[in-house]
Amino acid sequence: TARWELQRALAPLVPLAALWAVAYLPGAMIVASLHDGCLGGANPFPVIELMRRIPRDYALTVGVLVAISAASVLVAALLAMVRVPVPIVGTVVSLALGAVALAGPLWMARILGLLLRERADEVALDE
């Protein structure tokens, strides 16, 4: 059918769209936090300008964030397997494991903060 043919034709674009989303997200977060509010990251022009101004550091940041994300998924999968049948001990263990699971997002925030601190002049998109 025509729908199936369209899906087959667009299938190669899916990995490219995923790569673009991975590369776009840190820049969108930076633009949203610095300039235009929560929806500022939806505008691709300042994000692309940010990528253009600091390509090497931006690519390094994206790579580190991808690695942290992969490690966070692995840790979350491992933590999901931990079960303690004793109610009080299980609750304490669950809280501790939840704190461990927060490490990934906190590291990601730290990496973005380092990028902003080290490249503050280049990131100033208002100019």
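Figured I'd write up the structure that's included with this text. (Residues numbered from 1 in each chain as written. Predicted model: local features only at pLDDT ≥ 70, side-chain atom pairs only at ≥ 80, totals over all residues. Heavy atoms only, no water.)

### Some points on the nonpolar core
What counts here: Working definition of a nonpolar core: buried Ala, Val, Leu, Ile, Met, Phe, Trp, Tyr and Cys residues. They are joined through side-chain atoms within 4.5 Å. Using a 1.4 Å probe on the protein chains alone, a residue whose accessible area is under 20% of its type maximum counts as buried, one over 50% counts as exposed, and one in between counts as partly exposed. Strands here are runs of E lasting at least two residues and helices are runs of H or I lasting at least four, both read from the DSSP assignment and numbered beginning at the N terminus. Note on definitions: a residue-residue contact is assigned when non-hydrogen atoms from the two residues lie within 4.5 Å.
Within the largest apolar cluster, 14 residues are counted, with the highest numbers of intra-cluster contacts made by Ile30, Val47, Leu50, Ile54 and Tyr58. For this core, the elements supplying multiple residues, two or more each, are helix 2 (13–36), helix 3 (44–53), helix 4 (55–80) and helix 6 (103–118). Tallying contributions element by element places helix 2 first for this core, with four residues. Excluding residues that lie within four positions of it along the chain, Val47 makes contacts with Tyr24, Gly27, Ala28, Val31 and Gly41.

### Section: a nonpolar patch on the surface
Stated precisely, the cut-off is as follows: Only residues whose relative accessible area exceeds 30% and that form no salt bridge are eligible for patches; like-charged ones are grouped when within 9 Å, while nonpolar side chains (Val, Leu, Ile, Met, Phe, Trp, Tyr) are grouped when within 5 Å. Areas reported here follow the Shrake-Rupley algorithm with a probe of radius 1.4 Å; residue values treat only the protein chains shown as occluding. Basic side-chain nitrogens of Lys or Arg form a salt bridge, by our definition, when they fall within 4 Å of a carboxyl oxygen of Asp or Glu.
On the surface, Leu6, Leu10, Leu13, Leu16 and Leu19 cluster together to form a nonpolar patch covering roughly 510 Å² of accessible area. When residues of the nonpolar patch are traced back to their parent elements, those giving at least two are helix 1 (2–10) and helix 2. Of the residues forming the nonpolar patch, the biggest block, three residues, is contributed by helix 2. Positionally, Leu10 belongs in helix 1.

### Topic: the packing of helix 5 (residues 87–101) against helix 6
Rules: All axes here are fitted lines through C-alpha atoms, helices being fitted over the stretch that makes contact, and every angle between N-to-C directions spans 0 to 180 degrees. Convention used here: angles under 35 degrees read as roughly parallel, angles over 145 as roughly antiparallel, angles from 65 to 115 as roughly perpendicular, and any remaining angle as oblique.
Interhelical geometry of helix 5 versus helix 6 gives an angle of 25° and a closest axis separation of 5 Å. By the criterion of interaxial angle, the relationship of helix 5 to helix 6 is roughly parallel. Contact residues: helix 5 offers Ala99, Val100 and Ala101, while helix 6 offers Ala103, Gly104 and Pro105.

### Quick look at helix 6
What counts here: The span one expects for a helix is its residue count, reduced by one, times 1.5 Å. By definition, the arc is the one covered by directions from the helix axis to the C-beta atoms.
Taking 1.5 Å of rise per residue, the 16 residues of helix 6 would be expected to cover 22 Å, and the 22 Å separating its terminal C-alpha atoms lies within 8% of that figure. Here helix 6 has its buried residues at Gly104, Leu112 and Leu115. Seen from one end, helix 6 has its buried residues packed into an arc of 75°, which puts them on one side. When the buried face of helix 6 is taken as reference, the exposed residues oriented beyond 90 degrees from it are Leu106, Trp107, Arg117 and Glu118.

### So, helix 3
As a reminder, the rule being used: In the analysis that follows, any N or O atom pair within 3.5 Å is treated as a polar contact, provided that within protein one partner can donate a hydrogen and the other can accept it, and provided that, for residues neighboring in sequence, both atoms belong to side chains.
All of the buried residues in helix 3 are Pro46, Val47, Leu50 and Met51. All buried residues of helix 3 lie within an arc of 145° about the axis, which places them on one face of the element. Among the exposed residues of helix 3, those pointing more than 90 degrees away from its buried face are Phe45 and Arg52. N-cap assignment for helix 3: the residue whose side-chain oxygen lies 3.2 Å from the backbone N of Phe45 is Asn43.

### As for the environment of Ala17
Checked against the element boundaries, Ala17 lands in helix 2. Here the alpha-carbon distance between Ala17 and Met51, two residues 34 residues apart in the chain, equals 17 Å.

### Some words on the packing of aromatic side chains
Just so we agree on the cut-off: Centres within 6.5 Å are what make two rings of Phe, Tyr or Trp a pair, Trp counting through its six-membered ring; a difference in plane orientation under 30 degrees is then read as stacked, over 60 as edge-to-face, and the rest as tilted.
On inspection of all chains with the given rule, the structure shows one aromatic pair. Look at Trp20 and Tyr24: their rings are 5.4 Å apart centre to centre, the planes differ by 40°, and that puts the pair in the tilted class. Here Trp20 pairs with Tyr24, and both are found in helix 2, just four residues apart, close to one helical turn. Using a relative accessible area of 41% as the deciding quantity, one classes Trp20 as partly exposed. Classification of Tyr24 by relative accessible area gives buried; the value is 14%.

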